[in-house]
Amino acid sequence: MSSLNHWIKFELDIKDENIVFKDYFYKSIRLQKHKIYEAELIQPACPFCGSLDLLHNGHLITNIHYPTANASLPVIIRLAKQRVKCRDCDHWSMAQSELVNKYCSISNASKLKALSALTEDRSMTSIARENNVSINTVQRVLGNCSHRFIDSCEYLPAHLAFDEFKGVDRQLHFICLDSDNHQIVQILRTRCKKTLLKYFGRFSPQARANVKTVTMDLNFYYQDIVRACFPNAQIVIDRFHMIQMLTRSFNSLRVQVMKTFDKRSRQYQLLQSPWKLYLKRFDELEKVHPRCNWHYKDCLTQAQVVTEGINTSTALENSYNLMQSFIQAVETGNTHELKSLINCQDQIGTLMHKTLLTFEHNLTAVLNGAALPYSNGSLEGFNRKIKQIERTAFGYSNFTNLLTRIRLEEDLYKEKEPNSLLMAA
């Protein structure tokens, strides 16, 4: 019996000396074959006074789900817990073990394994199936993790990044990131101005004065929040969003000019089929090896295609040259060139003119975006990760569960209280 006990404990990796395994067998439960181990949990001493003079009074049988390497063959430990009465202090007690919590039938090892799987990009259904537990058990393990990020109201990072993403019920949620170490500062349910002012107003004046830069897109009320909450912060417009606005304006003008020509004309084909070439840097276009294209029935290099296409309209040519110079000035951090381009008086498209007016209205923040090294690149990458988390779960209906899952996959989770992760019944 002793050798069997040691062999089963070695196989299941159980080190509790008070558990004694007696036998094992196979049984079909709900048309699925299970491997069942019979064991007894001994109460060696009174938990109240430590006396060894105990009166045994039967057992409480508990079927405990235990993880196994072979998920197709679930393991159940039929544990008989001793009930005892202390002859010294007259207290009744029942044997307890670290294998499983009191009044629970899911082993702590199963919960820890489910918690480890929750840090990966997997659905709760697959985690429950692998660990031979219900989906509700996996949800309870998730619910016992903390989703909070920065709890202290006395500290804020020196460099922040603001953005939003679509989450529960297709609503836009606010997200704030530390631009230095790329860790989340906070995620809020809404991005309303009132909510953001209330949240950042909780921080001490010293913490808000510590913020030096805030990177964002051209959302107008984000700038109002920065001015109201962070007295020493510089507003930085993300470089990607500036270039994106300019390229969209040019693309709209290209389509507008293209529609003025006949669909069978050479000009129409030059502006339609190679549209991606107009959005690339001119220095990156092929200028040596021409290629034949059946759309405009000619052999041209990529540079020749773009040059001939923009020559169809003066406004289109001016807009293209402005876009190329703007991109180069942003990449090199040339703020003087950038300022002169924003004040350009050449004939350009209407939408591009509106874009330049927007840049002129936010001139200081736009120039900061070109001069300073901070951007929303890390935040956009994290938003992509959040979208993948939602896609794997086919969406979330509970905002707290979404935040907790983000926190777990960020691998920075924190317990609400000691042993709270093991308390899911």
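Because the structure is a prediction, the values reported are computed rather than measured. (Residues numbered from 1 in each chain as written. Predicted model: local features only at pLDDT ≥ 70, side-chain atom pairs only at ≥ 80, totals over all residues. Heavy atoms only, no water.)

Asks: What exactly am I supposed to notice about the pattern of salt bridges here?
Replies: If the charged atoms of two oppositely charged side chains come close together, the side chains can form a pair. What the rule picks out here adds up to 14 salt bridges. Here Glu 11 and Lys 35 are joined by a salt bridge, their closest N and O atoms 3.6 Å apart. Taken as a pair, Glu 11 in helix α1 (residues 2-12) and Lys 35 in strand β2 (residues 32-41) lie far apart in primary sequence, 24 residues in all. Given a relative accessible area of 39%, Glu 11 falls into the partly exposed group. Measuring nitrogen to oxygen at the nearest pair gives 3.6 Å for the salt bridge that ties Glu 409 to Arg 405. Taken together, the residues Glu 409 and Arg 405, both in helix α16 (residues 399-409) and four residues apart, mark about one turn of the helix. Classification of Glu 409 as buried rests on a relative accessible area of 11%. (Salt bridge = Lys/Arg side-chain N within 4 Å of Asp/Glu carboxyl O. Helix = DSSP H or I, 4+ residues; strand = E, 2+ residues; numbered from the N terminus. Buried < 20%, exposed > 50% of the residue type's maximum accessible area, 1.4 Å probe, protein only.)

Asks: Quick question: what am I supposed to make of the nonpolar core here?
Replies: Taken as a class, soluble globular proteins show a tendency for nonpolar side chains to be buried jointly. Counting residues in each nonpolar core, the largest one holds 62 residues, and the members touching the most others are Phe 162, Phe 200, Val 214, Phe 230 and Phe 326. Top contributing element to this core by residue count: helix α11 (residues 314-332), with eight residues. Counting 31 residues, the second largest nonpolar core, distinct from the first, contains Leu 41, Val 75, Leu 118 and Val 141. (Core = buried A, V, L, I, M, F, W, Y, C linked by side-chain atoms within 4.5 Å.)

Asks: Could you clarify how one ought to interpret the sheet that holds strand β7 (residues 159-166) in this entry?
Replies: Paired through their backbone hydrogen bonds, the strands of a sheet run either parallel or antiparallel. Pairing is mixed in the open sheet, where five strands are placed in the order β9-β8-β7-β10-β11. On the outer flanks of this sheet lie β9 (184-188) and β11 (234-237), each paired with one strand and no other. The average angle at which neighbouring strand axes cross in this sheet is 20°, direction not considered. Where strand β8 (residues 172-178) meets β9, four bridges bridge the pair, whose relative direction is antiparallel. Counterpart to Phe 174 in the pairing with β9 is Leu 188. (Pairing = 2+ DSSP bridges. Axes fitted to C-alpha atoms, helices over the stretch in contact; angles between N-to-C directions.)

Asks: It is not clear to me how the packing of aromatic side chains should be interpreted in this structure. Could you clarify?
Replies: Overall, the coordinates contain 17 aromatic pairs when judged by the stated rule. Centroid distance Phe 21 to Tyr 37: 6.2 Å. Interplanar angle 80°. Geometry classified as edge-to-face. Separated by 16 residues along the polypeptide, Phe 21 in strand β1 (residues 19-29) and Tyr 37 in strand β2 bring together distant segments of the chain. Residues Phe 21 and Tyr 37 agree in their burial class; the two are buried. Members of the aromatic cluster, each reached through a chain of ring pairs, are Phe 162, Phe 174, Tyr 199, Phe 200, Phe 203, Phe 220, Tyr 221, Tyr 222 and Phe 230. Between Lys 35 and the ring centre of Tyr 24, over which it is positioned, the NZ or CZ distance is 5.3 Å. Across the ring face of Phe 282, the terminal group of Lys 287 is positioned such that the distance to the ring centre comes to 4.9 Å. (Phe/Tyr/Trp six-rings, centres within 6.5 Å; stacked < 30°, edge-to-face > 60°. Lys NZ or Arg CZ within 6 Å of the ring centre and 35° of its normal.)

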